[in-house]
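Chain by chain, the residues:
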Amino acid sequence: MEPTEVLPIVAILSIVTVEFGGHALLRFITTDRDRLGALRERFFRAGHAHAGVLLVLSLVYLLYLPRAGFTDGLEWLCGAALLAGVLAQSGGFFLHLGVGEEGRGSYGTALTRTGALLLAAALIALAAGLIRAA
């Protein structure tokens, strides 16, 4: 199968996890309000929001990827970098929620930054491919 056939399936199925996270967040802020605390609630919200928005971005990205004229290998690399970036950036917020402290960096914040770099690389690669193909 082509990367632009497989990767959108991964992204769409990942949105189901975001929906589950939304359900969990709703439960925390309505019935278990004191369970998370302010810091953890902020990072839960940030991770949840980033995951949802970035997965929708990935669906748009994967629609444009074939227009860049990349080889299958490069399409796999770009698509995998994008989805890994989504997972790393949003996942870093959740990791910080578990191990981080107020006002201090953690493995979670480092993971979030790494995800941002992966996303930027994938987006720049797509933009360059689209410019070259135009």
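As the structure is a prediction and not an experimental result, all values here were calculated from the model. (Residues numbered from 1 in each chain as written. Predicted model: local features only at pLDDT ≥ 70, side-chain atom pairs only at ≥ 80, totals over all residues. Heavy atoms only, no water.)

By size, the foremost hydrophobic cluster in this structure holds 19 residues, and its most contacted members are Leu-55, Tyr-61 and Leu-65. At the level of elements, helix H1 (3–30), helix H2 (33–64), helix H3 (72–99) and helix H4 (107–133) are the ones that each hand at least two residues to this core. When residues no more than four places from it in sequence are discounted, the contact partners of Leu-65 are Thr-4, Phe-70, Glu-75, Cys-78, Gly-79 and Leu-126. In terms of nonpolar packing, the next biggest core, distinct from the first, is built from nine residues, Ala-24, Leu-39, Phe-44 and Leu-97 among them. (Core = buried A, V, L, I, M, F, W, Y, C linked by side-chain atoms within 4.5 Å. Buried < 20%, exposed > 50% of the residue type's maximum accessible area, 1.4 Å probe, protein only. Helix = DSSP H or I, 4+ residues; strand = E, 2+ residues; numbered from the N terminus. Contact = heavy atoms within 4.5 Å.)

On to the layout of surface pockets. Approximately 270 Å³ is the volume found for the largest pocket. Looking at the largest pocket, it is lined by 15 residues, and the ones nearest its centre are Thr-17, Ala-51, Leu-55, Leu-87 and Ser-90. Counting only elements with at least two residues in the lining of the largest pocket, the list comes to H1, H2 and H3. It is H3 that provides the largest number of residues to the lining of the largest pocket, a total of six residues. Here the residues of the lining of the largest pocket are counted per class, giving eight nonpolar, seven polar and no charged. (1 Å grid on protein atoms, 1.4 Å probe; cavity = no way out; pocket = protein on both sides within 12 Å on 5 of 7 lines; lining within 4 Å. Points joined across faces, edges and corners; volume = space filled by probe spheres on them. Nonpolar A, V, L, I, M, F, W, Y, C, P; charged D, E, K, R; others polar.)

A cluster of nonpolar side chains, namely Met-1, Ile-9, Leu-13 and Val-16, defines an oily patch on the protein surface of about 450 Å² accessible area. Counting through the fold element by element, Ile-9 comes out in helix H1. (Patch = residues over 30% accessible without salt bridge, like charges linked within 9 Å, V, L, I, M, F, W, Y side chains within 5 Å. Areas by Shrake-Rupley, 256 points an atom, 1.4 Å probe, with all protein chains shown as cover. Salt bridge = Lys/Arg side-chain N within 4 Å of Asp/Glu carboxyl O.)

Take the environment of Thr-17 next. Structurally, the position occupied by Thr-17 is in helix H1. Taking the C-alpha atoms as reference points, Thr-17 and Asp-32, separated by 15 residues in sequence, lie 20 Å from one another. Within the structure, Thr-17 has its side chain in polar contact with the backbone oxygen of Ser-14 (distance 2.5 Å). (Polar contact = N/O pair within 3.5 Å; in protein donor to acceptor, adjacent residues only side chain to side chain.)

As a further point, take the UniProt feature "transmembrane region" (unreviewed entry) in the protein. Residues given the UniProt feature "transmembrane region" (unreviewed entry) here are residues 6–26, 47–64, 76–98 and 110–131. Spanning residues 47–64, this segment combines 100% helix with 0% strand, and its end C-alpha atoms are found 26 Å apart. Counted over residues 110–131, helix gives 100% and strand 0%. Its end C-alpha atoms are 32 Å apart. (UniProt positions renumbered as here; feature names shortened; annotations may be inferred.)

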